[in-house]
Amino acid sequence: MSGPGDGDHAVKIDQDALRMSSAQILNARRQHLSESLSLYYNEPLTIVKGVGQYLYDRDGVQYLDARNNVCHVGHCHPTVVSAVQKQVAELNTNTRYLHPNLAEFATRLAARFPDPLQVVFFVNSGSEANDLALRLAYLYTKRKHVIAVEQGYHGTSKACIEISPYKTDRPGGYERPDHVIKVPMPDRFRGAYRETDAEAGPRYADHVRAAVGRACGQGGAGDGVAAFFLRVADGGG
């Protein structure tokens, strides 16, 4: 954290963002937004600007953003801002019409995939992506079980919450259904098998094998593993 004007970026705060006091904003949130939408800190920050890796509050105080989980190229990246402004000023519709941008983007994206992958789905959130992945897995495998690594959080839809131990393991959380099997996070720092255990990797893998056996054990229609969900870069536990 630094004071106004410090750091690599000199920012100008839009006065329109200051039309409500922090207390007024908080009161309005409490009246009209769900309590499930949590806030950071005992005294929530009123953030009114983002530039690169920094966030700025209503007083122009600069904060290094190490928590935001949406921006991957920095806040207000000029290339991204320009592309979005240009597109929304020209056309914003669905994929049922032909447009070169959609075809070109799909082609460029698919070129980065290993063979034989070449088909893409465009979605607007991680929740939608994971929900769609589950649907595809269920349809393709005709199976029903999902193995999910502990602490994982995979989205806000019903199907994604069901496979998210980060949510189902919390007090008062959503109950994990029988078709979802949780396995331990392979954590060699705080987990059951640590750095001093030369067999830590195989021991964690044994839990996955046991889960597969459980999924396939009943022998009925739909038994077996449809999908395995692991949050590769865990940030929710």
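An account of the accompanying structure is given in this report. For every chain, the first residue of its written sequence is number 1, and the numbers climb from 1 along that sequence. Whole-chain, interface and lining totals are the exception, using all residues; otherwise, since this is a predicted model, local features are given only for residues with pLDDT of at least 70 and side-chain atom pairs are given and counted only at 80 or more. Computation of side-chain values covers all heavy atoms of the structure but excludes hydrogens and water.

Before going further, it helps to examine the overall build of the protein. Strands here mean DSSP runs of E at least two residues long; helices mean DSSP runs of H or I at least four residues long; both are numbered from the N terminus. When helices and strands are tallied, the protein shows seven helices and six strands. When the elements of the protein are put in sequence order from the N terminus, they spell out α-β-β-β-α-α-α-β-α-α-β-α-β. For 237 residues, the compact-globule formula gives about 18 Å, and the C-alpha radius of gyration of the protein, at 23 Å, lies well above that figure. C-alpha extents for the protein along the principal axes are approximately 65 × 50 × 40 Å. Exposed residues in this analysis have more than 50% of their type's maximum accessible area, buried residues have under 20%, and partly exposed residues fall in between, with area computed by a 1.4 Å probe over protein chains only. Within the protein, the proportion of its 237 residues that are buried is 24%. By element, 53% of the accessible surface of the protein is carried by carbon and sulfur atoms, the whole surface being about 17,300 Å². Charged residues are defined here as Lys and Arg on the positive side and Asp and Glu on the negative side; His and the ends of the chain fall outside this count. Think of each charge as sitting on NZ of Lys, CZ of Arg, CG of Asp or CD of Glu. Side chains of the protein carry 27 positive and 26 negative charges; the gap between the two charge centres is 4 Å. For the radius of gyration, the atom set is restricted to C-alpha positions; the globular benchmark scales as 2.2 Å times the number of residues to the power 0.38. To be clear on the numbers: accessible area is Shrake-Rupley with a 1.4 Å probe, and residue cover counts the displayed protein chains and nothing else.

Moving on, we get to the pattern of salt bridges. In the sections that follow, a salt bridge refers to a side-chain nitrogen of Lys or Arg positioned within 4 Å of a carboxyl oxygen of Asp or Glu. Summed over the entire model, instances satisfying the criterion amount to eight salt bridges. A salt bridge links K182 to D169, with the nearest nitrogen and oxygen atoms 2.9 Å apart. In this pair, K182 is assigned in strand β5 (residues 180–183) and D169 in the loop between α6 (165–168) and β5, connecting sequence segments 13 residues apart. Where D187 meets R190, a salt bridge forms, and the shortest distance between an N and an O atom there is 3.7 Å.

Moving on: the layout of surface pockets. Only protein atoms enter the 1 Å grid used here. Points where a 1.4 Å probe fits but cannot escape make up a cavity, open sets with protein on both sides within 12 Å along at least five of seven lines make up a pocket, and a residue lines them when an atom lies within 4 Å of a point. Grid points are joined across faces, edges and corners, and a volume is the space filled by probe spheres set on the points. Of the volumes computed, that of the second largest pocket is approximately 1,000 Å³. Looking at the second largest pocket, it is lined by 21 residues, and the ones nearest its centre are Q87, N101, L102, F105 and F122. In terms of residue count, the dominant contributor to the lining of the second largest pocket is helix α3 (residues 100–110) (six residues).

This next bit is on the sheet that holds strand β1 (residues 47–51). In this analysis, strands are considered paired if DSSP registers two or more bridges between them. Strand order in this open sheet of three strands is β1-β2-β3, and the pairing throughout is antiparallel. The sheet terminates laterally at β1 and β3 (62–64), the two strands that pair on one side only. Strand-to-strand twist of the sheet, defined as the mean angle between neighbouring strand axes without regard to direction, takes the value 30 degrees. Direction of pairing for β1 relative to strand β2 (residues 54–57): antiparallel, over a ladder of four bridges. Note on β2: the bridge partner recorded for G50 is L55. Convention adopted: a line fitted to C-alpha atoms gives each axis, helices being fitted over their contacting stretch, and angles between N-to-C directions are expressed from 0 to 180 degrees.

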